[in-house]
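As a plain string of letters, each chain reads:
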Amino acid sequence: MMAMNPDTIETVEAATGEYKYGFVTDIESEFAPKGLNEDIVRFISAKKDEPEWLLQWRLEAFRHWQTMAEPKWSRVRYPTIDFQDAYYYAAPKSPDDAPKSLDEVDPKLLETYEKLGIPLAERAALAGVAVDAVFDSVSVATTFKAELEKAGVIFSSMSEAVHDHPELIRSYLGSVVPQADNFYATLNSAVFSDGTFVYVPEGVRCPMELSTYFRINAANTGQFERTLIIAEAGSYVSYLEGCTAPMRDENQLHAAVVELVVHDEAAIKYSTVQNWYPGDADGKGGIYNFVTKRGLCRGRNSKISWTQVETGSAITWKYPSCVLEGDGSVGEFYSVALTNNHQQADTGTKMIHIGRNTSSTIISKGVSAGFGQNTYRGLVKILAGAEGARNYTQCDSLLIGDTCGAHTVPYIEVANPGAQVEHEATTSKISDDQLFYCQQRGLSAEEAVSVIVNGYCKEVLKELPMEFAVEAQKLLAVSLEGSVG
Amino acid sequence: MLSIRNLHVAVEGKEILCGLDLEIATGELHAIMGPNGSGKSTLAYVLAGREGYDVTAGEIVFRGKNLLELAPEERAGDGIFLAFQYPVEIPGVSTMAFLKTSVNSVRRYRDEKEIGAVEFLKLIRAKAKQLKMDEKLLQRAVNVGFSGGEKKRNEILQMALLEPRLAVLDETDSGLDIDALKIVADGVNAMRSPERSTLVITHYQRLLGYIVPDRVHVLAQGRIVADGGKELALELEEKGYAMLGLDDGEAAARETAA
């Protein structure tokens, strides 16, 4: 744990007497009390021993957040969130609380890992078993770290980066998603817990896929994650976020922010597999996931490619976007969103064409089963100066059963008469003919659905790095269990 | 191999098969002919276990088992194969991958070792060659953009891979030109063996010129109305279903309902 600045403690203590017998007197305290106010923001910042400018940055965000209203335009329904009835800071769990071995882990969770084909050693880590006892991930991480350092790539937690690379963080944090961007992003700006920072120097092709897998041990990234990736001119990085395996998490509200900045001739490939707890079959529980992801193609011929496979969460509210500012820059969005049982997803993308000859591609595949509600919401905006801009959008919905729903809400705003914008959309059902055909060939109904859905999602899955793609296929199958009789 | 007794089948409450009896011995190839709407395809679907085809009376015993208790995939595992009249398209799923999944599903059911990628590739190439199928077809999505003839050949390819004990061919000749018909017939004939039985369902005698049946049955109004040897098919070709007092169009409405 980072040493605490005594002055900061004093400041916090002075701010309110309440804390005297509370957590602040105990510097090892794991939780901030419930609720959200300036003191909590100060506490979080102090816990992380942050510089004054960042504290002020958080406080500005918090003050602005108090003036904002929760957005209601999306097609998701959930009970009113009481933001004062939540914890905003929880330190990583001490190993003493963690299960001591796999025997202490919920067998259902282990069953899912089994189905996903996750190696035994990783299962323990994912289930929260005190990892060092199981396998030595530290040495693996060290090897990777050395290799990255040799290439000059910075890959660290956000908290570390604030201390080690303050100039980079200060100039880029909030440069794509401003502090006061939207309700959830602003909340995140005030209370973000931790996250990832990646910096790829000029002309460097990152020697490996950067995956949060490597950080399994390192961080309890928690509910308010903040990610910042910077690709300098001529560089390339592929970043994998998330995990196909459901991870232990007690926080219901998640509001992450991801910012990408890409300079001349550089590219970032950002792949996500999101499998947060979706709630039970009756729609009880489950994570609310309100995410703001945006990338800025700042340089000439820069490129951002988002690929996401969203199968988890009770509520998904997420629109990974590209601001195509540099001439000739390219934005891509490949998405599979699956809702089963009572899950609701309102997801899509925004492609903002500013530069000349910018182009974007959107391939969205929605899958709804059970009572799931799946909405594609996307914006293609072409500004007046975007000569020669092109967009291609393909937006498909697949329905399994007759109690689910699929909705498509495309917005297209074109201010340049020379722009080319194409939009294709289809809605289909898995037919009885297809199911029976597969069953006649020996596949069970569930295998059949899995094969058909994976075929339908192929255009997106092929964009994922190989190993991830294989796991994602299995994940789709597991997520659809029980969707056919 | 297969014993059907007094089979009654209803679709959406309407009786399509009404008291059908049929015995197929191991190693035999039987043909079922009949006018449109006589219930031929219904029989094929009931054997394969399609949902929505309600057996209201009678029994089907397949290799000593009560077939009606088994799910479609269990029937496939036990060795029933249906070559579809209208093979179904599955976008995005490569034919090769689909067939491997299929073969291994059936092998698992039979407690046999699953086939590896290399071995499977060898196997499927050999079988495809026999059927004069372009290998490129195997890379394409299942039946998507296949011509009528390619779809039917793909069905026979699957049959060859799955090595069923009872193969049911539902109007496999429909939509085939004479060259394709010969290739398909060769494929079926190559599969004939003393351990395997085949049921060929067809409206026309044409196919039976290439696949010579041991027995021919005529299905009309939901039951078998005539049995005979291969010469019965020729006779029907010559004289039409009218020789049995049947009007080819009479049951067309029932077919639509089915």
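Residues numbered from 1 in each chain as written. Chains lettered and ligands numbered in written order. Predicted model: local features only at pLDDT ≥ 70, side-chain atom pairs only at ≥ 80, totals over all residues.

Next up on the list: the sheet that holds strand β4 (residues 53-62) of chain B. Two pairing modes exist for strands in a sheet, parallel and antiparallel, and in both the strands are linked by backbone hydrogen bonds. Residue and element names in this part refer to chain B. Sheet architecture is open: four strands sit in the order β2-β1-β4-β5, paired in antiparallel fashion. The sheet is open, and its two edges are formed by β2 (14-24) and β5 (65-66), each paired on a single side. Pairing geometry for strand β1 (residues 2-11) and β2, over eight bridges, is antiparallel. Residue pairing for β2: Leu7 is matched across the bridge by Leu20. (Pairing = 2+ DSSP bridges. Helix = DSSP H or I, 4+ residues; strand = E, 2+ residues; numbered from the N terminus.)

Here we come to the interface of chain A and chain B. The interface is formed by 17 residues belonging to chain A together with 22 residues belonging to chain B. With seven residues, the top contributor of residues to the side of chain A that touches chain B is helix α10 (residues 432-440) of chain A. The class makeup of the residues in the side of chain A that touches chain B is six nonpolar, six polar and five charged. (Contact = placed C-beta atoms within 7 Å. Nonpolar A, V, L, I, M, F, W, Y, C, P; charged D, E, K, R; others polar.)

This part takes up the sheet that holds strand β11 (residues 215-220) of chain B. All names here are of chain B. Taken in spatial order, the six strands make up an open sheet running β6-β9-β10-β3-β11-β12, and their pairing is mixed. Bordering the open sheet on either side are β6 (80-83) and β12 (223-228), each of which pairs with just one other strand. Going across the sheet, the axis of each strand differs from the next one's by a mean of 20°, ignoring polarity. Two elements, strand β9 (residues 166-170) and strand β10 (residues 197-202), share five bridges in a ladder whose sense is parallel. Looking at β10, one finds that Asp170 is bridged to Ile201. Helix-sheet contacts for helix α6 (residues 148-162) involve β6 and β9, and the interaxial angle to β6 is about 170°. (Axes fitted to C-alpha atoms, helices over the stretch in contact; angles between N-to-C directions.)

Let us look at helix α7 (residues 178-191) of chain B. Taking 1.5 Å as the rise per residue, α7(B) with 14 residues should run 20 Å; its terminal C-alpha atoms sit 20 Å apart, in good agreement. All buried positions along α7(B) are accounted for by Leu181(B), Ile183(B), Val184(B), Ala185(B), Gly187(B) and Val188(B). (Expected span 1.5 Å × (residues − 1). Buried ≥ 20, exposed ≤ 12 C-beta atoms within 10 Å, placed from the backbone.)

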